[in-house]
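Close look at the chain arrangement
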Amino acid sequence: MGIFENIRKKAKMEQLVNEYFSMINSYTPRFTTFEGGLYEMELTRAAIHSFATHVSKLKPEVNGAGNETIERILQYRPNHIMDTKKYLYRLATVLSVDNTAFIVPLEDKRGVINGFYPLATNKCKIVKQNGVQYLIYEFDVSNTSAIELDRVGILNQFQYKDELFGESNRCMSPTLELMDMQNQGIIEGIKTGASIRFLAKLAQTLKPKDVEEERNRFIESNLSTKNNGGVMMFDQKYSEVKQIDSKPFIVNPVQMQQIEENVFNYFGTNKAILQNNFTSDEWSAYYEGKIEPFALELGLVHTNMLFSDREIAFGNEVLFTANRLQYMSNTEKLQTVTQLFDRGFLTHNQGLEIFNMQPVEDGDKRYIRKEYTETTYLDSMEGGEGNADDAESGISENDSDGTENGQGSEEN
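The text that follows walks through the structure, step by step, so that each part is easy to find. (Residues numbered from 1 in each chain as written. Predicted model: local features only at pLDDT ≥ 70, side-chain atom pairs only at ≥ 80, totals over all residues. Heavy atoms only, no water.)

Below, the discussion takes up the overall build of the protein. Counting its regular elements, the protein contains 13 helices and 14 strands. Within the protein, the fraction of its 412 residues that count as buried is 34%. Contacts spanning at least 24 positions in sequence make up 57% of the contacts within the protein whose residues lie at least 6 apart. Accessible surface for the protein amounts to roughly 26100 Å². Of this, 50% is attributable to carbon and sulfur atoms. (Helix = DSSP H or I, 4+ residues; strand = E, 2+ residues; numbered from the N terminus. Buried < 20%, exposed > 50% of the residue type's maximum accessible area, 1.4 Å probe, protein only. Contact = heavy atoms within 4.5 Å. Areas by Shrake-Rupley, 256 points an atom, 1.4 Å probe, with all protein chains shown as cover.)

Right, dumping it as structure tokens:
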């Protein structure tokens, strides 16, 4: 029975692994979001959700003259059912699960782009007709459409075999299996621990039928709800009655930590990010390694969808930015704003934004301290003697000794 039981377990595991993956075409395996899939695992979903949540806070900006309308669309409502936060969250989630995400441009009657819609790969397929590739996609079961592939925005990661699609997440299958078996082991362990089992040794030889009857009688008398006194009684029919102490196998903390590390390494995150318990340095590392590359690709994809090569050459582009300074501690924010504000790096409103405060009127001006000078004027100031060069360098008599730290006007 042991061999056949192992075969059955192996077949069940293979079926479970196969449920993790599905093929969109010969080169594009992906996870499917149903029971047993990548998105159904607690830890992997938490990693994906954390990434998508931080991505959803990116701010779209469109450079170039005459792009105010498209910038407003990107900043508030990319399509009729999604605001910008949902749109970015959806893109990040689909990319993490499928390793490929499509963006379809929405157009008005004149053919001008006035929105964007994200698509998952399980709702898309690529066909070729008369030498032109088309993306056929569906919004729901009864609504299917098609568009030329070169007009579609494509985001992908782990790209290797195919020119359009990212690779599968199949390398995560051993970790997913361990996570699934660990969860099952905990559940079964609780069930086993809640049951009482005994090994009873008969003092005499009985026929099989009598053994069965005696077992049922023993259970009924001692282990059923009728025995509410908690005392077990048995006669000389039994030479020994011993309780079986069942200890289910649970992955030890070291092994469990390794499983978590596998997930963290694959998704480029860590426990501090998942639990929103990170420091400014940890956030900065996560932003540069995970958020910023996504924002860069997202900007390039939208830029190429919206503008021609000529328009791009004239400075038209889409950027997705984030105020990274908001994740500092209040002390770090104060030091940073103080140092950058009086050097002209930040405006008044930008400093207020770091502290999550409302902007003020005329708060977009830049200020700079007046006791600084260009390095080319240092020789003329040796010995503390001022001359005409002082005026050229923007240093007044009151400021040259550094005693008055007033802030200059815009002309300074």
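Strand order in this open sheet of 3 strands is S5-S4-S9, and the pairing throughout is antiparallel. Where the open sheet ends on each side, the last strands, each with one partner, are strand S5 (113–120) and strand S9 (153–156). Looking at each pair of strands side by side, their axes are set apart by 25 degrees on average, direction ignored. For strand S4 (residues 100–107) and S5, the ladder comprises 7 bridges, and the chain directions are antiparallel. Within S5, the residue paired with Val 104 across the bridge is Tyr 117. (Pairing = 2+ DSSP bridges. Axes fitted to C-alpha atoms, helices over the stretch in contact; angles between N-to-C directions.)

We now examine helix H3 (residues 68–76). Buried within H3 are the following residues: Ile 70, Ile 73 and Leu 74. The buried side chains of H3 occupy one side of the element, clustering within an arc of 95 degrees when seen end-on. Check the buried side of H3 and you find it contacts strand S3 (59–63), helix H4 (84–98), S5, helix H9 (280–306) and strand S12 (317–321). (Arc of directions from axis to C-beta.)

Let us look at helix H2 (residues 42–55). For H2, which comprises 14 residues, the first-to-last C-alpha distance of 20 Å matches the rise-based estimate of 20 Å (1.5 Å per residue) to within 8%. When we look at burial in H2, the residues that qualify are Leu 43, Thr 44, Ala 47, Ile 48, Ser 50, Phe 51, Ala 52, His 54 and Val 55. (Expected span 1.5 Å × (residues − 1).)

A few words on the packing of H2 against H4. One can describe the packing of H2 onto H4 by two numbers: an axis separation of 8 Å at closest approach and a directional angle of 145 degrees. The two elements H2 and H4 meet at a crossing, and its hand is right-handed. Residues Ile 48, His 49, Phe 51, Ala 52, Thr 53 and Val 55 of H2 touch H4, and the partners they reach there are Leu 88, Tyr 89, Ala 92, Thr 93, Ser 96 and Val 97. Looking at the contact of H2 with H4 residue by residue, the classes come out as 8 nonpolar, 4 polar and no charged. (Left-handed = near helix turned anticlockwise from the far one by under 90°. Nonpolar A, V, L, I, M, F, W, Y, C, P; charged D, E, K, R; others polar.)

Attention shifts here to a nonpolar patch on the surface. Side chains of Leu 334, Phe 355 and Met 357 sit close together on the surface and give an oily, nonpolar patch of about 280 Å² of accessible area. Along the chain, the position of Met 357 falls in the loop between helix H12 (348–354) and strand S14 (366–368). (Patch = residues over 30% accessible without salt bridge, like charges linked within 9 Å, V, L, I, M, F, W, Y side chains within 5 Å. Salt bridge = Lys/Arg side-chain N within 4 Å of Asp/Glu carboxyl O.)

Taken as a whole and judged by the stated rule, the model has 6 salt bridges. Across the salt bridge formed by Arg 110 and Asp 108, the nearest N and O atoms sit 3.3 Å from each other. The class of Arg 110 is exposed, set by a relative accessible area of 71%. Of the charged contacts, one joins Arg 151 and Glu 148 as a salt bridge, the two residues approaching to 2.9 Å between their closest N and O atoms. Overlapping salt bridges, with partners in common, bring together Glu 107, Glu 148 and Arg 151 in one network.

So, on to the nonpolar core. One finds Ile 103, Phe 116, Leu 135, Leu 155 and Phe 294 to be the most contacted residues of the largest nonpolar core, which totals 49 residues. Among the elements that take part in this core, H9 stands out by supplying 10 residues, more than any other. Formed by 15 residues, the second largest nonpolar core is a distinct cluster that contains Ile 48, Val 97, Met 179 and Phe 264. (Core = buried A, V, L, I, M, F, W, Y, C linked by side-chain atoms within 4.5 Å.)

From the geometry alone we can't say anything about function, so treat these as descriptive.
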